[in-house]
Amino acid sequence: MDTLLIAMFEILSFGAIVVLVVLGLGIIASMMGIFNFAQGEFVLLGAYVTYLVHSLGLPVPLGMLVAPVAVGALGFVLEKVVVRRFYAAPIVAMLGTYALGLIIREAVRGLTGGLYLSVPEPISGSIMIGGLHFAAWRSVIVIITLLVMAASHALLAHTSFGLRVRASLENPQLARASGISTGMIYSVTFAFGAALAGLAGALIVPVFSLFADLGIRFLIQGFVAVMVGGVGSFAGPVAGASVIGTFSAWLPWLMSPVIADVLVFVLAIIFIKFRPQGLISGRGVNR
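As annotated in an unreviewed UniProt entry, the protein carries the name Branched-chain amino acid ABC transporter permease and comes from Bradyrhizobium forestalis.

The following block contains the structure:
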């Protein structure tokens, strides 16, 4: 029973990381009708910014605060300069964002010398509950993820900005005719999705260390999770992330991690084959 509870906690903490990555990816996909293939590298950038701040002798929590802001600002600039040119051609947009991600990844590889670099956990040790020890920092990741999910939902569902976002998603032409600056909405939304990925990278770097290919795994899982959950709603990507994160963390307890990863993708492909709209289908993007 103790082993089962610890395994469930590991699954929950890993699922929380996937949710953070997928939440930003899903918001971008729902709003703009494109998949941001640089999202994994935004995770990498968040981890690198945290490491950079720490290497300057500053507290790690400060780096974790700076990371989403810095990555979000970069996302805003990239959307303005590059990404918005490809909205009319989603396939080209995917290739363009993949190229951006490749540039970011190789730049970080050069800056780090291809090494694995470590960042200490801001809160070390464990929390004892009922005689069981749970990693303190992984507990913090779960709590922060829940808070971010609640804040994101509140922002999109209960604010004037969220109303403009939903209007731009529902009918961009009518939104523009109503005086909503859809261009700015798209820029801010892309930046918000990038910032969430940067936050994910900042939170996980003490757990996974910093290396140039850190974001690749989360990009693939994020993409699959969005497809499983469904595009066009807030709940869809979160549901998909919960499913993929759970299987990705649970199956390695039963079999080889390599076989587990392959099995997750096979199961996801089978599911998408029979339910292409995902677990929770939304209206999608009507540009």
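Structure's up, so let's keep going.
Draft legend 1. Here's a closer look at the overall build of the protein. When helices and strands are tallied, the protein shows eleven helices and two strands. For the protein, the α and β elements follow one another from N to C terminus as α-α-α-α-β-β-α-α-α-α-α-α-α. Taken along the three principal axes of its C-alpha coordinates, the protein extends 60 × 45 × 35 Å. Taking all 287 residues of the protein together, 47% fall into the buried category. For the protein, the proportion of contacts with a sequence separation of at least 24, taken over those separated by at least 6, is 75%.

Draft legend 2. Here's a closer look at unusual backbone geometry. One non-glycine residue, Ser 209, lies in positive phi territory at about 70°. With respect to the helices, strands and loops of the structure, Ser 209 is situated in the loop between helix 8 (182-208) and helix 9 (214-229).

Draft legend 3. How the structure looks around the nonpolar core. Phe 42, Leu 203, Leu 210, Leu 214, Phe 218 and Ile 244 are the most contacted members of the largest nonpolar core, which totals 75 residues. With 14 residues, the top contributor of residues to this core is helix 1 (residues 2-32). What Ile 244 contacts, discounting residues up to four positions off in sequence, is Gln 221, Val 224, Ala 225, Val 228, Val 264 and Ala 268.

Draft legend 4. Main features of a nonpolar patch on the surface. On the surface, Val 243, Phe 247, Trp 250, Leu 254, Val 258, Val 262, Val 266, Leu 267, Ile 270, Phe 274, Leu 279 and Ile 280 cluster together into a nonpolar patch covering about 1,100 Å² of accessible area. Those elements that provide at least two residues to the nonpolar patch are helix 10 (235-250) and helix 11 (257-274). With six residues, the single largest contributor to the nonpolar patch is helix 11. Within the secondary structure, Val 266 is located in helix 11.

Conventions adopted
Residues numbered from 1 in each chain as written. Predicted model: local features only at pLDDT ≥ 70, side-chain atom pairs only at ≥ 80, totals over all residues. Heavy atoms only, no water. Helix = DSSP H or I, 4+ residues; strand = E, 2+ residues; numbered from the N terminus. Buried < 20%, exposed > 50% of the residue type's maximum accessible area, 1.4 Å probe, protein only. Contact = heavy atoms within 4.5 Å. Core = buried A, V, L, I, M, F, W, Y, C linked by side-chain atoms within 4.5 Å. Patch = residues over 30% accessible without salt bridge, like charges linked within 9 Å, V, L, I, M, F, W, Y side chains within 5 Å. Areas by Shrake-Rupley, 256 points an atom, 1.4 Å probe, with all protein chains shown as cover. Salt bridge = Lys/Arg side-chain N within 4 Å of Asp/Glu carboxyl O.

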